[in-house]
Amino acid sequence: MARSTTQPSGHSSLGRSSSVAWRHPETAAIRGGRTLDPETRSVVAPIHQTTTYAQPTIGEAPEFTYSRAHNPTVQELERALAALEGLPHARAFSTGMAAITALVLATVRADDHVICSDVVYGGTARLLDQIVAPLGVRTTYVDSSDVGAVVAALEPRTRLVLVETPANPTLKVSDLGALGDALRDHPALLAVDNTFLTAALQKPGDLGADVVVYSTTKYIDGHNVSLGGALLTHDSELVERIDLVRKTTGAIQSPWNAWLTLNGLKTLPLRMKAHSHNAHTVAQWLQRCPEVTSVSYPWLASFPQRDLARRQQLGGGGLVTFSLNGGLEESRRFVEALELVTLAEDLGATETLITHPATMTHGDLSPAQRTERGILDTTLRLSVGLEHTDDVISDLEKALGALSRREQVA
Ligand SMILES: *Cc1c(COP(=O)(O)O)cnc(C)c1O
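Heads up: these notes are all about the structure in this document. (Residues numbered from 1 in each chain as written. Predicted model: local features only at pLDDT ≥ 70, side-chain atom pairs only at ≥ 80, totals over all residues. Heavy atoms only, no water.)

## Regarding the site of the ligand
Okay, so step 1: In the neighbourhood of the ligand, 13 residues make up the surrounding shell, with Met97, Asp193, Ser215, Thr217 and Lys218 lying closest.
Okay, so step 2: Within the backbone of Met97, an N or O atom sits 2.8 Å from an oxygen atom of the ligand.
Okay, so step 3: Within the side chain of Thr217, a nitrogen or oxygen atom sits 2.6 Å from an oxygen atom of the ligand.
Okay, so step 4: The fraction of the free accessible surface of the ligand (380 Å²) that becomes covered by protein chains is 93%.
Okay, so step 5: Of the pockets mapped on this structure, the ligand occupies the second largest pocket.
Okay, so step 6: The dominant element in the shell around the ligand, judged by the number of residues it contributes, is helix H3 (residues 96-107), at 3 residues.
Okay, so step 7: In terms of residue class, the shell around the ligand is built from 4 nonpolar, 6 polar and 3 charged. (Near = heavy atom within 4 Å. Polar contact = N/O pair within 3.5 Å; in protein donor to acceptor, adjacent residues only side chain to side chain. Areas by Shrake-Rupley, 256 points an atom, 1.4 Å probe, with all protein chains shown as cover. 1 Å grid on protein atoms, 1.4 Å probe; cavity = no way out; pocket = protein on both sides within 12 Å on 5 of 7 lines; lining within 4 Å. Sits in = over half its atoms within 2 Å of the grid points. Helix = DSSP H or I, 4+ residues; strand = E, 2+ residues; numbered from the N terminus. Nonpolar A, V, L, I, M, F, W, Y, C, P; charged D, E, K, R; others polar.)

Okay, structure coming up:
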């Protein structure tokens, strides 16, 4: 776990006299870290769409030199993300995968060891197995909802414990407070991919995480318009290494996507409340359908880790995972009968999307690995959007109806 801590650096912000107003995420998301343009006093920060910056003389390094290192619009996003998360340092990346790659490169070297949740974003596992492993860094995958299993996998050279909670697509929850406590005396950093809940519903930094990881592509942008990633930490030494990796590998966010993400961020807490409400409503409805064999949603009474989820999360989030009776053919017929709900490999935005993990996000896993992780051929992950739930439910109902009608014919 990291020790060194610094406070956010001072900057002129929008009518701020103290950070008290930021206690509420709704306020922090709109006002946190935002600066007024000193020249125009424009309420929305301008886009600094520039690669380079004029320097006053030789030998004096100005704050901005080249946009691969820093850019004012990207920095505005970083201040805003840091304010919402309540952590002093944020760095924005071109994608979530660029952020995770920078985290790994900043924390491990040859012969080091990584522990990663066994149910994890497919790109993270691909990075660790196909890019990082050949460089001499081993990864052990463990069920991170079992703190004992994580502790048992620790080695003297474990430098990074990367946890995703709730897990994709099973929504299994890992106890971040217990993991933070268990790793307190070990040099490994605890990094939490908080993409599914965001700071609006879960604050890993308050629970013992050293690094919070995001694909901002999902809920933070929230409108399916910009790719992005972020790393947040209280560790000022780590952020220096992250800066070196980002500058060297060219992984920084673009000014335009940073500006789009800043706009999306403003409504994040409101959207997360609505996503959670809608997903809970849809999950409860799915539970009553005879064609549906199981429904996983953290706020359901049937969710095995319901108490932990309620302790750790401020809401259930927007994802619901369910399985149908039958096999691959039934999954295909079901998604083909949907009209409003869109089959796509993404989540976290205004449109309700459905994903078939076995062939899409988790298609790289062997059938045995999928079964072990609870991913069946009929498992579907729904990212419940912000349409009216009556419309989403009637679309699902119609598709389930198509399923049983065909069954009767057959
Ligand atoms: C999408 C996603 C990523 C990768 O983010 P990109 O922006 O697509 O590169 C990482 N982690 C989780 C949990 C994700 O859902």
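The structure having been displayed, the exposition proceeds.
## Regarding unusual backbone geometry
Okay, so step 1: Here the bond from Thr165 into Pro166 is cis, since omega is -5°, no more than 30 degrees from zero.
Okay, so step 2: Within the secondary structure layout, Pro166 lies in the loop between strand S4 (158-164) and helix H6 (176-182).
Okay, so step 3: Following Asn168, the chain continues into Pro169 via a peptide bond in cis, with omega recorded as 5°.
Okay, so step 4: The phi dihedral of Arg41 falls on the positive side, at around 55°, and the residue is not glycine.
Okay, so step 5: Relative to the elements of secondary structure, Arg41 occurs in the loop between helix H1 (25-31) and helix H2 (72-85).
Okay, so step 6: With phi around 60°, Asn224 is a residue other than glycine that occupies positive phi space.
Okay, so step 7: Tracing the chain through its elements places Asn224 in the loop between strand S6 (211-215) and strand S7 (229-233).
Okay, so step 8: Judged by its relative accessible area of 33%, Asn224 falls in the partly exposed class. (Buried < 20%, exposed > 50% of the residue type's maximum accessible area, 1.4 Å probe, protein only.)

## Some words on the sheet that holds strand S10 (residues 342-343)
Okay, so step 1: One open sheet holds the 5 strands; their spatial order is S8-S9-S12-S11-S10, and the pairing between them is mixed. Single-partner strands in this sheet number two, and they are strand S8 (292-296) and S10.
Okay, so step 2: Summarising the sheet, S8 and strand S9 (residues 319-324) pair through 4 bridges and their orientation is antiparallel. Bridge assignment links Val292 to a residue of S9, and that residue is Leu324.
Okay, so step 3: The strands that helix H10 (residues 268-287) touches are S8, S9 and strand S12 (379-383); relative to S9, the one it contacts most, it runs at about 15°.
Okay, so step 4: Along the sheet, helix H12 (residues 328-337) contacts S9, S10, strand S11 (353-355) and S12; its crossing angle with S9, the most-contacted strand, is approximately 130°. (Pairing = 2+ DSSP bridges. Contact = heavy atoms within 4.5 Å. Axes fitted to C-alpha atoms, helices over the stretch in contact; angles between N-to-C directions.)

Spatial relationships are all this shows, so hold off on functional conclusions.
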